[in-house]
Amino acid sequence: MTAVTRQREESTASLKILQVKLEEARVAEAQLISNIRILDRATEPKLPSSPKVPLILAVATVAGLLLSVAMVLIRELLDNTLRHSSEIPQFTDLPVLGKIPKLSHRTSFARLEQFLDTPHLVEPYRMLLKSIDRRLEKNPKVILISSTLEGEGKSNLVAYLGAVAATLSWRTLVIDADLQHPMQHSLLGVSSSPGLTNAILSPSLTPDAIKATSIENLFVMSYGEFPKRPATIAESSEMPKLIASLSQNFDLILIDTAALSTSVDAVTLSQYTSGLLLTARPNHTRRDLLKQILLDLKDTNLEPLGLVINYNADHNRNSLHPVTIASSQPTSASHAYPLTQSNP
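Predicted model, so just to flag it, every value in this text is computed and none were measured. (Residues numbered from 1 in each chain as written. Predicted model: local features only at pLDDT ≥ 70, side-chain atom pairs only at ≥ 80, totals over all residues. Heavy atoms only, no water.)

Across its full length, the protein chain carries twelve helices and eight strands. Considering the protein chain as a whole, with its 344 residues, one finds that 44% of them fall into the buried category. For the protein chain, the proportion of contacts with a sequence separation of at least 24, taken over those separated by at least 6, is 83%. Summed over its atoms, the accessible surface of the protein chain is roughly 19,800 Å², and 57% of this surface lies on carbon and sulfur atoms. (Helix = DSSP H or I, 4+ residues; strand = E, 2+ residues; numbered from the N terminus. Buried < 20%, exposed > 50% of the residue type's maximum accessible area, 1.4 Å probe, protein only. Contact = heavy atoms within 4.5 Å. Areas by Shrake-Rupley, 256 points an atom, 1.4 Å probe, with all protein chains shown as cover.)

Another aspect to go through is unusual backbone geometry. Looking along the chain, the bond that leaves Ser193 and enters Pro194 is cis, with omega of -5°. Although it is not a glycine, Asn283 sits at a positive phi angle of roughly 65°. Note on placement: Asn283 falls in the loop between strand S7 (275-280) and helix H12 (287-299). What makes Asn283 exposed here is its relative accessible area of 52%.

What follows covers the sheet that holds strand S2 (residues 141-147). The pairing of strands in a sheet happens through backbone hydrogen bonds and is either parallel or antiparallel. Strand order in the open sheet formed by eight strands is S1-S8-S7-S2-S6-S3-S5-S4, and the pairing between neighbours is mixed. Each edge of the sheet is formed by a strand with only one pairing partner; in this case those strands are strand S1 (96-100) and strand S4 (211-212). (Pairing = 2+ DSSP bridges.)

Below, the discussion takes up the packing of helix H4 (residues 119-135) against helix H5 (residues 154-167). At their nearest, the axes of H4 and H5 sit 9 Å apart, and the two run at 85° to each other. In terms of axis orientation, H4 runs roughly perpendicular to H5. Of the residues in H5, those touching H4 at Val122, Tyr125, Arg126, Leu128, Leu129 and Ile132 are Leu157, Tyr160, Leu161, Val164 and Ala165. Considering only residue class, the contact of H4 with H5 consists of ten nonpolar, no polar and one charged. (Axes fitted to C-alpha atoms, helices over the stretch in contact; angles between N-to-C directions. Parallel < 35°, antiparallel > 145°, perpendicular 65-115°, else oblique. Nonpolar A, V, L, I, M, F, W, Y, C, P; charged D, E, K, R; others polar.)

Here's what the structure looks like:
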């Protein structure tokens, strides 16, 4: 009986506690509901909250500009090419004798004829001739023209300079001594053979190797046939004799020779000429190579006449007429220049 009474009392006490907890929960629930207010009804969004296209475009634009500036600065630091003639004094005391502007067309013999009829294109070449004339008072003038690298426009310079000199009544001969990339036969519209190599190997062919062009006073000695050992041409004992003989018949001789970075022909031939003229092409000529070649020339006691800043590149060799290797045939008398043994 006592145990039953005790269980009833405990159950009654537990019931009261649960009733108190329930009442507290109801009070708390009532307080929470009374503090809630509806400010606005929810609406379905018409645009996605992400991605934010305008923000992404703005960030991408800024990042692209910063990356572009960084790339330009890196390229400037890594660029080793000559950018402007004002940089020349950093490498040498050689004077800049002329600046040849870029032509709007590719060089060809037909274009050369049109070029001579355009005064503002001819003037830079006339100025270069005047500069050469002031530095070399003696006549005739035998000028060797070379470059540090292929593609610096030396062959075009030789052809155009020779054409301008001829129009100024200078009896001019262009000799193609570039055994690697002979181009003058195509630039000046003559046959490739017979030419220089034929005159060296058979001096009796010298008159036939000199070909007249349609430009009055302009003659060309193309390279000719390729010998078995091309390097022996410049070193031949006949070379100084040939140049001395030719100088008696012309006012100006321009010799196109291979780039100094690939051949020493210019060093060999310079001892038979009035001087060496170097070409440099902005954004192509390497500063370090130009500096090294000038130091090498100084070590051989060879001081160039000066530099020509040339903005024109030579043609691709493949676009020119090929040099024939067939046996040479003498040209007709109307195309050969008669050599004499007396000074003009």
